[in-house]
Amino acid sequence: MMDHSATWFNLPTLMVRSLMGGLFWWILSEGDPSSWVIGLPSVLICSLISLRVYPPSPYRINPIGLLRFAGYFMYASLIAGIDIARRTLDRRLPVCSCMTDFTTQLTGLPLWLFMITMSLLPGTLSVRTTQNGLKIHCLDTPENIQPELIRLENYIARVFSLEPLPH
Amino acid sequence: MNSLYSITLVILLLSLLMGVFRIWRGPRMADRIMAAQLTGSTGVAVLLIFAELQNQPAARDTALVLALLAMLVAIAFVGRVWGFTREKKDS
Amino acid sequence: MNLLVILQSFLLISGALMFCIGSLGLIRFPDTYTRIHALTKADNLGLGLIVLALILNIESVALALKLLLIWGLVMIASALSGHLVAWEADEQCIPLCQPGETEPHLESENE
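Rules used throughout
Residues numbered from 1 in each chain as written. Chains lettered and ligands numbered in written order. Predicted model: local features only at pLDDT ≥ 70, side-chain atom pairs only at ≥ 80, totals over all residues. Heavy atoms only, no water. UniProt positions renumbered as here; feature names shortened; annotations may be inferred. Helix = DSSP H or I, 4+ residues; strand = E, 2+ residues; numbered from the N terminus. Expected span 1.5 Å × (residues − 1). Polar contact = N/O pair within 3.5 Å; in protein donor to acceptor, adjacent residues only side chain to side chain. Buried < 20%, exposed > 50% of the residue type's maximum accessible area, 1.4 Å probe, protein only. Pairing = 2+ DSSP bridges. Axes fitted to C-alpha atoms, helices over the stretch in contact; angles between N-to-C directions. Contact = heavy atoms within 4.5 Å. Buried area = accessible area lost by both parts, 1.4 Å probe. Salt bridge = Lys/Arg side-chain N within 4 Å of Asp/Glu carboxyl O. Parallel < 35°, antiparallel > 145°, perpendicular 65-115°, else oblique. Left-handed = near helix turned anticlockwise from the far one by under 90°.

Per an unreviewed UniProt entry, chain C is named Na+/H+ antiporter subunit G, and its organism is Nitrincola tibetensis.

Under an unreviewed UniProt entry, chain B has the name pH regulation protein F and belongs to Nitrincola tibetensis. Checking UniProt for chain B, the heading Sequence similarities (unreviewed entry) contains the comment "Belongs to the CPA3 antiporters (TC 2.A.63) subunit F family." As its UniProt record puts it under Subcellular location (unreviewed entry), chain B is described as follows: "Cell membrane".

Here it is as structure tokens:
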């Protein structure tokens, strides 16, 4: 029994998850100190269960990479909204509906983040995963889209401290 | 400031009305689901402004729940309702 | 009229107009895929601008973070459901359609 518990119990991960959970509770309760009577036990129990169900993630998050990604994302989603406004308000409706493929080495959580953020960036929408990459719908010609996607891919690789990806 | 919030609310409701037009028009289920998604995110914006305008902090929690529900509706719709009609068509 | 109020009004009104542009795109764009583009991107930016405007007159840090959390949640929700709807549309072979063309109708889906 002790041996079994030793395989999933991991104190540093538990502490990180409890801190995240505590932050989440603090935000949800709008900083009300009396709510910790319920909050503290809930956070601890949830962190323990999450550790039992999900083992520590193999990814190393790079804080600087994460900040740079967040900055790029904010800027690019502002551009995306302006781009949509420009296309919608133009009387000629300059939209080109087409599909393109994008090969990527990303898998798992980084791939998921890539697909989700891509749908909020200018002119791209992830449709499905294919054998060696993604099928993407774009609002513009595919040639204009590719360099933007490679840029986003590199930002995400840096968030998860991955090696620069070949293309 | 309050009149500004009211103007914003009116514009948001106008945007909802335009979304209703797409639900009516269709033509496909996908377009209707997207219009329902619009209702979700506009609803969140309306509730956040309402919380400020009427000084009702609980409306923010409602907005949080609405955001979660909008996501669940889309997932459930794609998974169950739409997938079901496809199976019917195939057989 | 101080500077903060002017900034707030600008953010609120442009955020609400962004929602309108999203809905207009939903009406004007030629096919299902392009409509998903219009809606997810415009709504994300619209809500972001409104949340920023509301944060400007909030003193509590926790409350400001809560508004940002709601924005993040809506962002994930709209990106995820946009992706799911696009995936299902592709699965059903819903055709692409360029501006000016009339969208081919599926009889079976219109009852």
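S.K.: So what exactly am I meant to see when it comes to helix α2 (residues 29-53) of chain B here?
M.R.: Note on helix geometry: an α-helix contains 3.6 residues per turn, so any two residues three or four positions apart are oriented the same way. Between its terminal C-alpha atoms α2 of chain B stretches 36 Å, which fits the 36 Å expected from 25 residues at 1.5 Å a residue. Asn 55 of chain B occupies a position one or two residues after α2 of chain B and carries a positive phi of about 55 degrees.

S.K.: Could you clarify how one ought to interpret the environment of Asn 2 of chain C in this entry?
M.R.: Counting through the fold element by element, Asn 2 of chain C comes out in the segment before α1 (3-28). Within the local environment of Asn 2 of chain C, its side chain forms a polar contact with the backbone nitrogen of Val 5 of chain C, the two atoms lying 3.1 Å apart.

S.K.: Just checking my understanding: could you explain helix α3 (residues 61-91) of chain C for this structure?
M.R.: All names here are of chain C. If you check α3, its first and last C-alpha atoms are 45 Å apart, about what 31 residues at 1.5 Å a residue would give, namely 45 Å. With respect to burial, α3 is a largely interior element, 24 of its 31 residues being buried. Of the residues trailing α3, Cys 93 is marked for its positive phi of about 55 degrees.

S.K.: Explanation requested: the UniProt feature "transmembrane region" (unreviewed entry) in chain C in the structure shown.
M.R.: All names here are of chain C. Under the UniProt annotation, "transmembrane region" (unreviewed entry) lies at residues 6-27 and 47-74. A helix fraction of 100% and a strand fraction of 0% characterise residues 6-27, whose end C-alpha atoms lie 32 Å from each other. Segment residues 47-74 splits into 82% helix and 0% strand. End C-alpha atoms: 9 Å apart.

S.K.: Before we go on, may I ask you to explain the pairing of strand β2 (residues 124-130) of chain A in this structure?
M.R.: Within a regular strand, the side chains alternate between the two sheet faces. Residue and element names in this part refer to chain A. Bridge count for β2 against strand β3 (residues 133-138) is six bridges, and the pairing is antiparallel. For Arg 128, the partnering residue across the bridge sits in β3 and is Lys 135. Counting the residues in the hairpin turn of β2 and β3 gives two residues.

S.K.: Could you clarify how one ought to interpret the sheet that holds β2 of chain A in this entry?
M.R.: Whenever strands of a sheet pair, they do so through backbone hydrogen bonds, lying parallel or antiparallel. Sheet architecture is open: three strands sit in the order β1-β3-β2 (chain A), paired in antiparallel fashion. Both outer strands of the open sheet, β1 (98-103) and β2 of chain A, are each paired with one neighbouring strand and no more. On average, adjacent strands in this sheet sit at an angle of 30 degrees to one another, irrespective of strand direction. Strands β1, β2 and β3 of chain A of the sheet are contacted by α3 of chain C, whose axis makes an angle of about 60 degrees with β2 of chain A.

S.K.: What exactly am I supposed to notice about the interface of chain C and chain A here?
M.R.: Where interface size is quoted, it is often the accessible area lost as the parts come together. Contact residues are listed per partner, giving 39 residues for chain C and 43 residues for chain A. Around 3,400 Å² of area is buried between chain C and chain A when both sides are counted, 73% of it from carbon and sulfur atoms. Interface area lost by chain C to chain A is led by Arg 28, His 37 and Lys 41 of chain C, which between them contribute 18%. One can count four salt bridges joining chain C with chain A. Linking Asp 90 of chain C and Lys 135 of chain A is a salt bridge whose minimum nitrogen-to-oxygen distance equals 3.0 Å. The interface formed by chain C and chain A includes 13 residue pairs in polar contact (both at pLDDT 80 or more). Looking at the side of chain C that touches chain A, the elements that each hand over two or more residues are α1, α2 (32-55) and α3 of chain C.

S.K.: Even after reading the chapter, I still don't get the packing of helix α4 (residues 63-89) of chain A against α2 of chain C, so can you show me in this structure?
M.R.: The description of two helices packed together rests on the angle between their axes and the distance between the axes. Relative to each other, α4 of chain A and α2 of chain C sit at 125 degrees, their axes nearing to 8 Å. As the angle between them shows, α4 of chain A and α2 of chain C are arranged oblique. Seen along the crossing, α4 of chain A lies across α2 of chain C with a hand that is left-handed. Counting all contacts with α4 of chain A, which are made through Ser 77, Leu 78, Ala 80, Gly 81, Ile 82 and Ile 84 of chain A, the residues of α2 of chain C involved are His 37, Ala 38, Lys 41, Ala 42, Asn 44 and Leu 45 of chain C.

S.K.: It is not clear to me how the UniProt feature "transmembrane region" (unreviewed entry) in chain B should be interpreted in this structure. Could you clarify?
M.R.: All names here are of chain B. As annotated in UniProt, the feature "transmembrane region" (unreviewed entry) corresponds to residues 6-24, 33-51 and 63-83 in the numbering used here. Secondary structure across residues 6-24 divides into 100% helix and 0% strand, with the first and last C-alpha atoms of the span separated by 27 Å. Helix makes up 100% of residues 33-51 and strand makes up 0%, while its end C-alpha atoms are separated by 27 Å.

S.K.: How should I be thinking about the side chain of Arg 87 of chain A in this particular structure?
M.R.: Tracing the backbone through its elements, the reader meets Arg 87 of chain A in helix α4. Once residues within four sequence positions are removed from consideration, Arg 87 of chain A is found in contact with Leu 93, Pro 94, Val 95, Leu 139 and Asp 140 of chain A together with Phe 29 of chain C.

S.K.: Mind showing me how you'd approach the interface of chain B and chain C here?
M.R.: Contact with chain B, which involves 46 residues of that partner, is made by 52 residues of chain C. Summing both partners gives a buried area of about 4,400 Å² for chain B against chain C, and 73% of it is carried by carbon and sulfur. Joining chain B to chain C, the criterion identifies two salt bridges. With a closest N to O distance of 2.7 Å, Asp 31 of chain B and Arg 35 of chain C form a salt bridge.

S.K.: Can you help me understand unusual backbone geometry in this one?
M.R.: Note: most residues except glycine have negative phi, and most peptide bonds are trans. Residues and elements named next belong to chain A. Of note in this structure, Glu 30 is not a glycine but carries a positive phi near 55 degrees. Along the chain, Glu 30 falls in the loop between α2 (11-28) and α3 (36-53). You can call Glu 30 partly exposed: its relative accessible area is 26%. For Leu 93, which is not a glycine, the phi torsion comes out positive at approximately 55 degrees. Note that Leu 93 resides in the loop between α4 and β1.

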